[in-house]
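Structure assessment
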Amino acid sequence: MKAIRRFTVRPVLPDTLRPLADLAHNLRWSWHEPTRELFASLAPEGPAGTDPVRVLGALEAPRLAALAADQDFLARLRAAAEDLDRYLRDPRWYQGRPGDAPAAVAYFSPEFGVAAALPQYSGGLGILAGDHLKSASDLGVPLIGVGLLYRHGYFRQSLGRDGWQQEQYPVLDPGELPVSLLREDDGTPARITLALPGGRSLHAHLWIARVGRVPLLMLDSDVEENAPGERSVTDRLYGGGSEHRLLQEMLLGIGGVRAVRTYTRLTGHPAPEVFHTNEGHAGFLGLERVRELQGEGVDFDSALETVRAGTVFTTHTPVPAGIDRFDRALVARHLGEDGALPGVDLGRILALGDETPLGGEPGVFNMAAMGLRLAQRANGVSTLHGAVSRSMFAGLWPGFDTEEVPITSVTNGVHAPTWVAPEVTRLAPDAGDRELWELRRTLRERLVTDVRERLRASWRQRGAAAAELGWTETVLDPDVLTIGFARRVPSYKRLTLMLRDKDRLRALLLHPERPVQLVVAGKAHPADDGGKRLVQELVRFADDPRVRHRIVFLPDYGMEMARGLYPGCDVWLNNPLRPLEACGTSGMKAALNGCLNLSVLDGWWDEWFRPDFGWAIPTADGAAAADEDRRDDLEAAALYELIERRVAPRFYDRGPDGVPAGWTAMVRRTLADLGPKVLADRMVREYVDRLYVPAAAAHRALTPDRARDLAAWKARVREAWPRVTVDHVEVGDGLADDLADAELGATPVVRVRVALGALGPDDVEVQAVTGRVDADDTLAATRTVTLKPAGGPDLEGRLPYAGTLELDRTGSFGCTVRVLPAHPLLAHPAELGLAALPEETSGEGAGVLLR
């Protein structure tokens, strides 16, 4: 028989044990080892030891009574509760900053990987968001997280007998999760409502997860007031068709803003001054804020300027295919007068999502394009990804070279207390080589034990009998070089590059003196049969009796598995197609545990690679890169070569004491020099200093009158810009014009006449742009010099400007002049995407040759 209703019966805790409920319902336990140990002591025999809410739910009355009388346990409980109270109350880094910091920041993301007990993530984006919240909490940043509560999470992965990925979607009961329902003052659940076409409504309740000091608000559409279709909106992460995904993103963005307003109203939490959109999924939040302002009597353009000033947009995708795109007609139907945003001009909404400047289709609404247009500040997630993003989105700023596109970068980081093994945390900085090497062996041995248990469970799921699994007792060896590879399985991450030459891989795995063993894990998206085929190919290779003691595939990769995998591996492998890995934080987590990286120079590894920290896999270029098969053959061969000739020899090169001094030196440098760079605390500080504080200042500066004036000024500039021209340019040394060459250290004068049409000198900035030039006279490594007015208008109304160049570099040198819009409230000179250049910027006189 099946139950027709499901509910949770919670234990009634004695007064002395009530702090257990507070500890269990604050996810700080997920990165606070003493609290984890406290709950593990309550149920040491079961896997629920890592999930305090389930631990409490399993305690029966006799056990509770015994605990209430256990003075030693009560003392530990009081200490943990007092520690949490201090953590939540005491000032931290943010509270010591100057008074310009925002009172609160709302951080929107479609997924959050905070803990395995709250499975609301699919991969790196969610884990990054979870680490962002945790480090914000540790630093005292007043963040409010906003997401959705998916009743089936992402999915649980298992394998069929033939190695084909299978998915299961277990139902998540909020009563068994570390969340609480937000209620109105009268005790009824707080409710968020969106209007849908045809007079329908989408209702959502609001669950709160406490992530240390940070509240994470999660909207849940599984409420009785909804019709079946609307009730299932938050069923699965990244599930369903186009309309389903659109409704999810409307609920996240539009509903998320309404959730924040409800939360601040009911709790007194400061209202956010800055809204941070983590990828384009939550981009509709900007439209909801426009609607709010219009309801206060502000016109669309002024509201848009106000919203932009306080919005930060982070892009995580390096390819257009990774962006959410919807049919314009579908968006129009859901956001028009009969939809969620009545009163907001539908034409203006659709224009914000127009992707045609990016070379896209006119009938498509692009969420990233909208996100960038609604945010005054934007960033990629590594230095290389910032450059890729500037190139990918350059069409939105047509008057500027790619390197001037206003998208910066903040390289991701990871939350050390979550991902670092306690033994590594306790390691003394002056630990000797033998102590370090023995620790690495202990962690590797623990991983081997865990892998064997997981492998047996996987084979039992695949239909194997216990009697045929004796071989699993000898899988992996705690004294063999262990390489880890675990991540999502889209094609660009190249799960099976290691299988390119199977004979050569077998030789590496079975080498008589220097063997290698591989631990592999990863999930393919349920709709991605290509990814599933890659998983199956890897599994079939790993099933081969000749090598199955040296290579394993572990299904259902998630946070709890990862916590043992990163510390237990000696080398972390990453071989994506460059530059398609935006950041790749799994290698960071491994590095914090003393694991060395073996990776393509992509994402963060391109930025911080040094031979002290690991090895760089060469990438094919030129014609070889254009041929996919040849590219993969070359890069796989380079991978095998590195392992065979450099990685394995370094690992097995032991001194008289049995310790590989060269290897431990690399581990030590990784921990000491690379470790501080990859921390999420560093990342969050950068977001605060470089993005949140400037965004808050811009938002405060934009009073309603100033927003209206700025919007009017932009409209006036755009209308007048076609008549702004650069009519005459001279570059001379004061004696002769249009230099043919010049000496190093010379200071030639640039003179220019510009026509401004209906604009005045205060509306523009006139610049000389200098830099090296190639054979096509294209400028590179540019510098700008602001030119000053040099007199009144001539008979044709053109204004003279002049300035001095400093020629401090030898070689081919070029110069041009441009006019840009200028206003004190612009965050970047390229903000409007407008620039006026000379009609002829090349040829004789366009450059200066230095010698």
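Residues numbered from 1 in each chain as written. Predicted model: local features only at pLDDT ≥ 70, side-chain atom pairs only at ≥ 80, totals over all residues. Heavy atoms only, no water.

Our focus in this paragraph is the pattern of salt bridges. For the structure shown, the criterion picks out 69 salt bridges. Two residues, R18 and D15, come together in a salt bridge whose shortest N-O distance is 3.2 Å. The class of R18 is partly exposed, set by a relative accessible area of 48%. D15 gets classed as exposed once you look at its relative accessible area, which sits at 59%. Ionic pairing is found between R668 and D433, a salt bridge with its closest N-O pair at 2.5 Å. Linking R668 in helix α25 (residues 661-674) with D433 in helix α17 (residues 433-461), this pair joins segments that are 235 residues apart in sequence. Its relative accessible area of 28% is what places R668 among the partly exposed residues. Bridged by salt links that share partners, the residues R151, D220, D222 and R231 form one connected network. (Salt bridge = Lys/Arg side-chain N within 4 Å of Asp/Glu carboxyl O. Buried < 20%, exposed > 50% of the residue type's maximum accessible area, 1.4 Å probe, protein only. Helix = DSSP H or I, 4+ residues; strand = E, 2+ residues; numbered from the N terminus.)

Here we take up the side chain of H316. When you line up the elements, H316 lands in the loop between β10 (311-314) and β11 (325-327). By relative accessible area, which is 16% here, H316 ends up buried. Polar side-chain contacts of H316 include one of 2.5 Å to the side chain of N278. Excluding residues within four positions of it along the chain, H316 makes contact with L125, L128, N278, E279, V381, H385, N412 and A582. (Polar contact = N/O pair within 3.5 Å; in protein donor to acceptor, adjacent residues only side chain to side chain. Contact = heavy atoms within 4.5 Å.)

Considering all chains together, one arrives at 17 aromatic pairs under this definition. Measuring from ring centre to ring centre gives 4.7 Å for Y154 and F155, while their planes differ by 50°; the resulting arrangement is tilted. For Y154, a relative accessible area of 8% gives the class buried. Three or more aromatic residues link up through ring pairs in this structure, and these residues are W437, W615, F651, Y652 and W663. A cation over a ring is seen here: R444 above W437, with NZ or CZ 5.4 Å from the ring centre. (Phe/Tyr/Trp six-rings, centres within 6.5 Å; stacked < 30°, edge-to-face > 60°. Lys NZ or Arg CZ within 6 Å of the ring centre and 35° of its normal.)

Attention shifts here to the packing of helix α8 (residues 242-267) against helix α11 (residues 328-335). Direction vectors running N to C along α8 and α11 enclose 45°, while the axes themselves pass 11 Å from each other. Here α8 is positioned oblique relative to α11, judged by the angle of their axes. In the packing of α8 onto α11, the handedness of the crossing is right-handed. Between α8, through S242, E243, L246, L247, M250 and I254, and α11, the contact on the second element is made entirely by L330, V331, R333, H334 and L335. Broken down by class, the residue content of the contact of α8 with α11 amounts to seven nonpolar, two polar and two charged. (Axes fitted to C-alpha atoms, helices over the stretch in contact; angles between N-to-C directions. Parallel < 35°, antiparallel > 145°, perpendicular 65-115°, else oblique. Left-handed = near helix turned anticlockwise from the far one by under 90°. Nonpolar A, V, L, I, M, F, W, Y, C, P; charged D, E, K, R; others polar.)

What follows covers the environment of L172. Summarising the element assignment, L172 is placed in the loop between β4 (165-168) and β5 (180-181). L172 sits in the buried class, given a relative accessible area of 13%. As a C-alpha pair, L172 and D612 span 440 residues in sequence and 45 Å in three-dimensional space.

This paragraph deals with the confidence of the model for the chain. On average, residues of the chain score 93 in pLDDT, and 96% of them are at 70 or above. In this model residues 841-851 is a low-confidence stretch, pLDDT under 50, and it forms 33 contacts with partners more than four residues away in sequence or in other chains. (pLDDT = per-residue confidence, 0-100.)

Further remarks concern the sheet that holds strand β15 (residues 481-486). Taken in spatial order, the six strands of this open sheet run β17-β16-β15-β18-β19-β20, and their pairing is parallel. At either margin of the open sheet sits one strand with a lone partner, and together these are β17 (551-554) and β20 (614-617). Mean inter-strand twist for the sheet, computed between neighbouring axes without regard to direction, equals 20°. Judged from the four bridges that link them, strand β18 (residues 571-574) and strand β19 (residues 596-600) form a sheet pairing that is parallel. Residue N574 lies in a different strand from β19, and its bridge partner there is S599. Packed on one face of the sheet, α17 meets β15, β16 (516-521) and β17 and runs near 65° to β17. Sitting on the sheet, helix α19 (residues 529-542) touches β16 and β17, and the angle it makes with β17 is about 140°. (Pairing = 2+ DSSP bridges.)

For soluble globular proteins, nonpolar side chains are generally found buried alongside one another. L481, M498, L598, W615 and W663 are the most contacted members of the largest nonpolar core, which totals 96 residues. When residues no more than four places from it in sequence are discounted, the contact partners of W663 are W437, L481, D570, V571, L596, W615, V647, R650 and F651. Counting 60 residues, the second largest nonpolar core, distinct from the first, contains V233, L246, F284 and L350. (Core = buried A, V, L, I, M, F, W, Y, C linked by side-chain atoms within 4.5 Å.)

With that settled, the discussion passes to the environment of Y169. Within the element layout of this structure, Y169 appears in the loop between β4 and β5. Measuring from C-alpha to C-alpha, the distance between Y169 and V410 comes to 35 Å, with 241 residues separating the pair along the chain.

Over its 26 residues, α8 extends 36 Å from the first C-alpha to the last, a length consistent with the 38 Å expected when each residue adds 1.5 Å. The principal kink in α8, of about 40°, is found at G255. Burial analysis of α8 places 21 of its 26 residues in the buried class, which makes it a mostly covered element. At the C-terminal side of α8, G268 shows a positive phi close to 80°. (Expected span 1.5 Å × (residues − 1). Bend = angle between axes of the 7 residues up to and from the residue.)

In this section: the pairing of β16. With respect to burial, β16 is a largely interior element, six of its six residues being buried. Both faces of β16 are covered, namely the face carrying V516, L518 and V520 and the face carrying Q517, V519 and A521. Here six bridges tie β15 to β16, and the two strands are oriented parallel to one another. Looking across to β16, one finds that T482 is bridged to Q517. Remark: the β15/helix α18 (residues 502-509)/β16 crossover connection has right-handed handedness. Here four bridges tie β16 to β17, and the two strands are oriented parallel to one another. Within β17, the position partnered with L518 by the bridge is I551. In this view, the connection linking β16 to its parallel neighbour β17 by way of α19 has right-handed handedness. (Right-handed = clockwise from strand over helix to strand, strands pointing away.)

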